[in-house]
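Chain residues, written in single-letter form:
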Amino acid sequence: MKNPKIKVTETQLLSDNWYILNKVTFDYEMKDGKIESHIREVYDRGNGAAILLYNTAKKTVILTRQFRLPTYLNGNKTGMMIEVCAGLLDQDHPEQAIIRETEEETGYRLQKVEKVIETYMSPGSVTEILYLFIGEYNETMKVNDGGGLDAEQENIEVLEYTFDQAYAMIQSGEITDAKTILLLQHAKIKGLI
């Protein structure tokens, strides 16, 4: 059900070069009944999914490292980010999408995953819902080297850390990605590893 206090009055397409950027004008009814007009830019890149791969026997996790231009432009000197495997849904169900992305990026073929939560990561400007998962891996699931798809210009390095190493990287500042921090903290709280 739509919020009766919100009325979108205009949507102007600003860009659709990579994803969609709209300028949206809307009226918002305040508590006192007064109507205020607001203008916001809204970025629509579709919804995504992310997964923490963990191995209970080895007490390890699989993470990835890749270049992220927005972080580079905002002070990350190398632009490289250590993250959990993630990707866009591309019209797939979240579970199907993350299983596909896991194989493309890490080389591990999973049969099942467990949903942890769904969340908005940047609700002030981005429409994306991010579905967060965990999945157990072992060496028998390794079907290729991973690294991402050439067609998507991905250049992903697959990393394996002990859980304790990865968790300590949050405190040291080596891991600054929110979805990765959330999933590592979930694993810690639940005692998965």
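Residues numbered from 1 in each chain as written. Predicted model: local features only at pLDDT ≥ 70, side-chain atom pairs only at ≥ 80, totals over all residues. Heavy atoms only, no water.

Student: Pulling in residues and values, what's your account of the overall build of the protein chain?
Tutor: Tallying secondary structure elements over the protein chain gives four helices and 10 strands in all. Its C-alpha atoms give the protein chain principal-axis dimensions of about 60 × 35 × 35 Å. Looking at the protein chain as a whole, 36% of its 193 residues qualify as buried. Sequence separation of at least 24 residues holds for 55% of the intrachain contacts in the protein chain that already meet a minimum separation of 6. As displayed, the protein chain offers around 11800 Å² of accessible surface, 50% of which is attributable to carbon and sulfur atoms. (Helix = DSSP H or I, 4+ residues; strand = E, 2+ residues; numbered from the N terminus. Buried < 20%, exposed > 50% of the residue type's maximum accessible area, 1.4 Å probe, protein only. Contact = heavy atoms within 4.5 Å. Areas by Shrake-Rupley, 256 points an atom, 1.4 Å probe, with all protein chains shown as cover.)

Student: Pulling in residues and values, what's your account of unusual backbone geometry?
Tutor: With phi around 60 degrees, Lys59 is a residue other than glycine that occupies positive phi space. Turning to its location among the elements, Lys59 is positioned in the loop between strand E4 (48-55) and strand E5 (60-67). By relative accessible area, which is 49% here, Lys59 ends up partly exposed. At Gln91, a residue that is not glycine, the phi angle is positive and equals roughly 75 degrees. The topology assignment puts Gln91 in the loop between strand E7 (85-88) and helix H2 (94-106). By relative accessible area, which is 82% here, Gln91 ends up exposed.

Student: I'd love a proper account of the side chain of Thr64, names of residues and values included.
Tutor: Summarising the element assignment, Thr64 is placed in strand E5. With residues near it in sequence (within four places) discarded, Thr64 still touches Met81, Ile82, Glu83, Val84, Cys85, Glu105, Thr106, Ile156, Glu157 and Leu159.

Student: Outline the pattern of salt bridges, supporting the account with residue identities and numerical values.
Tutor: With the rule as written, the count across this model stands at 13 salt bridges. The shortest N-O distance in the salt bridge between Glu157 and Arg65 comes to 3.0 Å. A residue pair is termed long-range when its members are at least 10 positions apart, and Glu157 in strand E10 (residues 157-162) and Arg65 in strand E5 qualify at 92 residues. On the basis of relative accessibility, which here comes to 37%, the residue Glu157 falls in the partly exposed class. Arg109 is the partner of Glu103 in a salt bridge, and the nearest nitrogen-oxygen pair spans 2.8 Å. In the salt-bridge network here, residues are joined through shared partners; they are Asp90, Asp92, Arg100, Glu101 and Glu104. (Salt bridge = Lys/Arg side-chain N within 4 Å of Asp/Glu carboxyl O.)

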